[in-house]
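So the chains spell out like this:
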Amino acid sequence: MIIERLCQEHRNIETLLAVLERELEIFDRGDRPDYDVIRTIINYFEVYPDLYHHPLEDLVFAKFKIRDPAAAAKVGNLTLEHQKGAERLRRAAQAVDGVLAGREILRQDVDTIVRDFIEHERRHIMMEDRDFFPAALKALEPQDWTEIASTLISRKDPLFSEVAEKRFYALRAHILQSEQEAEAGRH
Ligand SMILES: [Fe+2]
């Protein structure tokens, strides 16, 4: 159940990365992207993953390290990767804020910085899905999951849960619309 939740959160993150990438392509063409959407996505990344998703993964990883240190070592240093991700996000937020503040920044530089965040997030998620989650499922004992569940932060995702926060309403509508457009494009 915990791994399912983490996987579902990865799918949600991928959806957001795809929306962000689409806006970046508009920016690259020299057009004006939807900065509200971009800023809200960054805002979401600044809050949710670091407060809920990564701490939960860190809890699973801590148990995993106790049960099977060798397998955990193969997965690598998750905490460090999460820190690096937060750093890449900070750079992306600064670049976008710079553009919004009218500062002189090369389009190419903004593109490189934001793309760097998107690409690394995707790779990180892929690694966790492929290496970390299956290995943790194998190594952890039932009591580990019970313990993790008991420390689980009960707060709901402010964007993807049924109790989404008001500030994310517009982004939700935007995601729904782009999903419908993508769906229509397939027919
Ligand atoms: Fe993750």
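Definitions and cut-offs
- Residues numbered from 1 in each chain as written.
- Predicted model: local features only at pLDDT ≥ 70, side-chain atom pairs only at ≥ 80, totals over all residues.
- Heavy atoms only, no water.
- Donors = N, O, S within 2.8 Å, 3.2 Å for Na, K, Ca; no water.
- Tetrahedral: all angles 85-135°; square planar, octahedral: opposite > 155°, others 65-115°.
- Helix = DSSP H or I, 4+ residues; strand = E, 2+ residues; numbered from the N terminus.
- Axes fitted to C-alpha atoms, helices over the stretch in contact; angles between N-to-C directions.
- Parallel < 35°, antiparallel > 145°, perpendicular 65-115°, else oblique.
- Left-handed = near helix turned anticlockwise from the far one by under 90°.
- Contact = heavy atoms within 4.5 Å.
- Nonpolar A, V, L, I, M, F, W, Y, C, P; charged D, E, K, R; others polar.

A. Quick look at the coordination of the iron ion. The iron ion binds to the protein through His-10 (NE2), His-53 (NE2), Glu-57 (OE) and Glu-128 (OE); the donor distances cover 1.9 to 2.3 Å. Between the four donor atoms coordinating the iron ion, the angles at the centre fall across 77 to 162 degrees, so the site counts as irregular. All donor residues of the iron ion come from one chain, and their arrangement in sequence is H-x42-H-x3-E-x70-E. Residue His-10 is located in helix H1 (residues 2–28), and its partner Glu-128 is located in helix H5 (residues 107–139); the two are separated by 118 residues in the primary sequence.

B. How the structure looks around the packing of helix H2 (residues 35–67) against helix H6 (residues 142–151). Running from N to C, H2 and H6 cross one another at 155 degrees; their axes reach a closest spacing of 10 Å. Classified by the interaxial angle, the pair formed by H2 and H6 is roughly antiparallel. Of the two possible hands of crossing, H2 and H6 adopt the one that is right-handed. Contacts from Leu-56, Leu-59, Val-60, Lys-63 and Arg-67 of H2 reach H6 at Gln-143, Asp-144, Trp-145, Glu-147, Ile-148 and Thr-151. Within the contact of H2 with H6, the residues separate by chemical class into five nonpolar, two polar and four charged.

Limitation: the analysis is restricted to geometry and does not speak to function.
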